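Survey of secondary and tertiary structure
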Amino acid sequence: MNDWKLLIYQHFHKFLEQFLYNGSYEELCMGLEIGDLVMAEKAACTLKGIAGNLGMSDLSNILEKMILALWKNKTDEALQCHQALKQSYEKVSALLQTL
């Protein structure tokens, strides 16, 4: 493998690991569970940024809707987004863990 290809692979792999193991998803879930919308919004923004950088547009779009709902204090909408997010996140996580 060429040096530059190896470098790209290493950086991409680093982002994939960050997506899986940085704790933002768990923090988002906890924030929603305990009603801490600030915690949930911060975690959602972090996760959206990582998902966007990795080209995970479905996750990024769900998170964008969730963030907008959280900004407007629309907890019910945020919880609906969370259900969609959970399904997508679990699929992506399972796939990434096989790499």
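Cut-offs and rules
- Residues numbered from 1 in each chain as written.
- Predicted model: local features only at pLDDT ≥ 70, side-chain atom pairs only at ≥ 80, totals over all residues.
- Heavy atoms only, no water.
- Phe/Tyr/Trp six-rings, centres within 6.5 Å; stacked < 30°, edge-to-face > 60°.
- Helix = DSSP H or I, 4+ residues; strand = E, 2+ residues; numbered from the N terminus.
- Buried < 20%, exposed > 50% of the residue type's maximum accessible area, 1.4 Å probe, protein only.
- Axes fitted to C-alpha atoms, helices over the stretch in contact; angles between N-to-C directions.
- Parallel < 35°, antiparallel > 145°, perpendicular 65-115°, else oblique.
- Left-handed = near helix turned anticlockwise from the far one by under 90°.
- Contact = heavy atoms within 4.5 Å.
- Nonpolar A, V, L, I, M, F, W, Y, C, P; charged D, E, K, R; others polar.
- Salt bridge = Lys/Arg side-chain N within 4 Å of Asp/Glu carboxyl O.

This part takes up the packing of aromatic side chains. Overall, the coordinates contain two aromatic pairs when judged by the stated rule. On the basis of an interplanar angle of 40° and a centroid distance of 5.4 Å, the ring pair of phenylalanine 19 and tyrosine 89 is categorised as tilted. In this pair, phenylalanine 19 sits in helix α1 (residues 3-21) while tyrosine 89 sits in helix α5 (residues 75-96), placing the two residues 70 residues apart along the sequence. Overall, the relative accessible area of 7% leaves tyrosine 89 in the buried class. Ring plane angle 5° and centroid distance 3.8 Å describe the contact between tyrosine 25 and tyrosine 89, whose orientation is recorded as stacked. Linking tyrosine 25 in helix α2 (residues 24-34) with tyrosine 89 in helix α5, this pair joins segments that are 64 residues apart in sequence. Across the pair, exposure class does not vary: tyrosine 25 and tyrosine 89 are buried alike. Here a set of aromatic residues connected by ring pairs shows up, and it is made of Phe19, Tyr25 and Tyr89.

A few words on the packing of helix α3 (residues 37-53) against helix α4 (residues 57-71). α4 packs onto α3 with a crossing angle of 155° between their chain directions and a minimal axis gap of 9 Å. The orientation of α3 with respect to α4, classified from their angle, is roughly antiparallel. Helix-helix and strand crossings are classified by hand; for α3 and α4 the assignment is left-handed. Counting all contacts with α3, which are made through Leu37, Ala40, Glu41, Ala44, Cys45, Leu47, Lys48, Ala51 and Gly52, the residues of α4 involved are Leu59, Ser60, Leu63, Glu64, Met66, Ile67, Leu70 and Trp71. Grouping the amino acids of the contact of α3 with α4 by side-chain chemistry returns twelve nonpolar, two polar and three charged.

Right, let's talk about the side chain of serine 24 for a bit. Its place among the elements puts serine 24 in helix α2. With a relative accessible area of 6%, serine 24 lands in the buried category.

Evaluated as defined, the whole model comprises one salt bridge. Residues glutamate 77 and lysine 74 are paired through a salt bridge, measuring 3.7 Å at the closest nitrogen-oxygen approach.

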